[in-house]
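Each chain, letter by letter, is given below.
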Amino acid sequence: MKRTISLLITDLDNTLYDWVGSFVPSFYAMIDDAVTRWPIPREVLLDDLRSVHQRHGSSEHPFALSEARCIRDHFAELSEDEVKQELDPAFYAFNKARKAHLQLYPGVYETLKAIDAEGVPIVAYTDARAVNGADRIEKLGLGPFIKRLYAPAQRLSSTDHECDYLTVLPSEDRKPNPKTLRDICDRLDVDPRFSLYLGDSLVRDVFMAKSAGVVSAWARYGTAVDPDLWARLVRVTHWTEADVEREKEIRENVGLDSEPDLTLEAISDLLDMVDFKPAA
């Protein structure tokens with residue numbers, strides 16, 4: 001018998017689209033433009049950008065290039081506005097590559113549309129910064145289906161609270177945090193047993209869902225990451241030694257609680273496995 005689900009809560013990155021496959025080529029397109037345009041050693045620039053990412057706790061810190069020490073030293077005689085003008089071609093290279101690579105996984109649009117048509121609310125809960133998650137939802141045309149976005153605060157922006165569908169979480173609110181899932185269910189007045197959380201990580205998504213008493217669906221299709229792209233991401237990641245230790249501790253403690261209730265080879269599998277019905 002199919003499970004009855006009245007609320008879909010979904011991760012974003014590598015669940016609805018290939019984030020690694022879009023961000024890494026875009027980031028390195030920016031790097032390629034920068035080192036071609038200015039006499040700055042590539043490895044030095046990558047080291048500096050990793051330091052920027054770690055300082056801000058995000059590999060997607062907006063305009064990180066302008067904060068890299070080697071860039072600031074190179075343009076030391078220029079004003080901030082002049083530096084931005086100089087960097088504009090590199091940022092353009094990033095945006096051009098992102099536009100080419102950022103795409104939904106097959107069936108995502110159609111599946112979310114079908115669930116929305118049943119009157120079942122769809123909420124996104126992600127570790128991606130609020131400004132980045134909201135931007136990708138808009139660019140990928142998912143706005144009509146995702147009724148609310150839960151995401152960590154973006155320290156650069158004061159506009160996060162202005163979006164009527166966005167709930168900004170404290171910056172320390174990171175998965176796996178079952179309380180946030182339970183809060184989402186409470187807010188929408190749906191019993192956790194009839195709510196489903198979809199994500200690509202057994203540790204951060206499936207374990208969290210099961211801890212919250214929510215049906216867990218593992219997007220196994222989202223784990224197929226190009227090893228070369230992953231290595232290039234790790235080269236500039238914001239992860240610190242403390243982050244690595246925290247991840248290790250989480251993995252050691254999840255045990256059998258990370259066994260998913262549902263395993264998806266494609267997101268459209270949800271429509272065959274679940275009976276989506278609005279809460280009575």
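One structure accompanies this document, and this report is about it. (Residues numbered from 1 in each chain as written. Predicted model: local features only at pLDDT ≥ 70, side-chain atom pairs only at ≥ 80, totals over all residues. Heavy atoms only, no water.)

In terms of helices and strands, the protein carries eleven helices and nine strands. The C-alpha radius of gyration of the protein comes to 20 Å, within 12% of the 19 Å expected for a compact globule of 280 residues. If one aligns the C-alpha atoms of the protein with their principal axes, the spans along those axes are about 65 × 40 × 30 Å. Looking at the protein as a whole, 49% of its 280 residues are labelled buried. The contacts in the protein between residues at least 6 apart in sequence include a share of 71% that link residues at least 24 apart. Carbon and sulfur atoms provide 50% of the accessible area of the protein, an area that totals close to 14,000 Å². (Helix = DSSP H or I, 4+ residues; strand = E, 2+ residues; numbered from the N terminus. Rg over C-alpha atoms; globule rule 2.2 N^0.38 Å. Buried < 20%, exposed > 50% of the residue type's maximum accessible area, 1.4 Å probe, protein only. Contact = heavy atoms within 4.5 Å. Areas by Shrake-Rupley, 256 points an atom, 1.4 Å probe, with all protein chains shown as cover.)

Strand order across the open sheet formed by seven strands is β5-β4-β3-β2-β6-β7-β8, with parallel pairing between neighbours. Two strands close off the open sheet at either side, each with one partner strand: β5 (166-169) and β8 (262-264). Sheet twist, expressed as the average angle between the axes of neighbouring strands with direction ignored, equals 20 degrees. Here strand β6 (residues 195-199) runs beside strand β7 (residues 215-219); their pairing, made up of four bridges, is parallel. Of the residues in β7, the one forming a bridge with Leu198 is Ala217. Where helix α7 (residues 178-188) meets the sheet, its contacts fall on β2 (7-10), β3 (122-125), β4 (146-152), β5 and β6, and the angle it forms with β2 comes to roughly 145 degrees. (Pairing = 2+ DSSP bridges. Axes fitted to C-alpha atoms, helices over the stretch in contact; angles between N-to-C directions.)

Mapped onto the elements, Lys175 comes out in the loop between β5 and α7. Residue Lys175 is classed as buried on the basis of its relative accessible area of 3%. A polar side-chain atom of Lys175 sits 3.0 Å from a polar atom in the side chain of Asp205. (Polar contact = N/O pair within 3.5 Å; in protein donor to acceptor, adjacent residues only side chain to side chain.)

Before going further, it helps to examine a negative patch on the surface. Taken together, the side chains of Glu80, Asp81, Glu82 and Glu86 define an acidic patch exposed on the protein surface. Accessibility expressed as a relative area gives 38% for Glu82, which makes it partly exposed. (Patch = residues over 30% accessible without salt bridge, like charges linked within 9 Å, V, L, I, M, F, W, Y side chains within 5 Å. Salt bridge = Lys/Arg side-chain N within 4 Å of Asp/Glu carboxyl O. Lys, Arg positive; Asp, Glu negative; His and termini not counted. Charge placed at Lys NZ, Arg CZ, Asp CG, Glu CD.)

All right, on to the nonpolar core then. Grouped together as the largest cluster of nonpolar side chains are 66 residues, with contacts concentrated most on Phe27, Leu45, Ile71, Leu196 and Leu198. If you tally residues by element for this core, the top one is helix α1 (residues 19-37), at nine residues. Apart from residues no more than four positions distant in its own chain, Ile71 is found in contact with Trp38, Ile40, Leu45, Leu65 and Leu87. Counting residues in each nonpolar core, the second largest holds 15 residues, with Ile184, Val190, Tyr197 and Ala209 among its members. (Core = buried A, V, L, I, M, F, W, Y, C linked by side-chain atoms within 4.5 Å.)

Bringing the layout of surface pockets into the picture now. Considering only enclosed or pocket space, the second largest pocket measures out at about 530 Å³ in volume. Around the second largest pocket, the lining is made up of 23 residues, and of these Pro62, Phe63, Phe94, Arg98 and Asn132 lie nearest the centre. If you list the elements that add at least two residues to the lining of the second largest pocket, you get α1, α4 (80-101) and α6 (130-139). Each residue belonging to the lining of the second largest pocket can be placed in one class, and the counts come to twelve nonpolar, six polar and five charged. (1 Å grid on protein atoms, 1.4 Å probe; cavity = no way out; pocket = protein on both sides within 12 Å on 5 of 7 lines; lining within 4 Å. Points joined across faces, edges and corners; volume = space filled by probe spheres on them. Nonpolar A, V, L, I, M, F, W, Y, C, P; charged D, E, K, R; others polar.)

Before going further, it helps to examine the pattern of salt bridges. Applying the stated criterion to the full structure yields 18 salt bridges. A salt bridge links Arg136 to Glu60; the nearest nitrogen and oxygen atoms lie 2.7 Å apart. With Arg136 in helix α6 and Glu60 in the loop between α2 (42-56) and α3 (69-74), this residue pair connects regions lying 76 residues apart in the sequence. Accessibility assignment for this pair places Arg136 and Glu60 in one class, buried. Several salt bridges converge on common partners, so that one network encompasses Arg3, Lys210 and Asp261.

Attention shifts here to a nonpolar patch on the surface. There is a patch of nonpolar side chains on the surface, built from Trp230, Val234 and Trp239 and spanning about 260 Å² of accessible area. Looking at the secondary structure, you find Trp230 in helix α9 (residues 227-235).

α2 packs onto α1 with a crossing angle of 135 degrees between their chain directions and a minimal axis gap of 10 Å. Between α1 and α2, the angle falls in the class oblique. As α1 runs across α2, the sense of the crossing is right-handed. Packed against α1, whose contacting residues are Phe27, Tyr28, Ile31, Asp32, Ala34 and Val35, the element α2 presents Arg42, Leu45, Leu46, Leu49 and His53 at the interface. Residues that form the contact of α1 with α2 fall into these classes: eight nonpolar, one polar and two charged. (Parallel < 35°, antiparallel > 145°, perpendicular 65-115°, else oblique. Left-handed = near helix turned anticlockwise from the far one by under 90°.)

Counting buried residues along β6, five of its five residues qualify, which places the element largely inside the surrounding structure. In β6, alternate side chains face the same way, and those of Ser195, Tyr197 and Gly199 on one face and Leu196 and Leu198 on the other are all buried. Two elements, β2 and β6, share four bridges in a ladder whose sense is parallel. The residue bridging Leu7 from the neighbouring strand is Ser195, located in β6. The parallel pair β6 and β7, bridged by helix α8 (residues 202-211), forms a crossover whose chirality is right-handed. (Right-handed = clockwise from strand over helix to strand, strands pointing away.)

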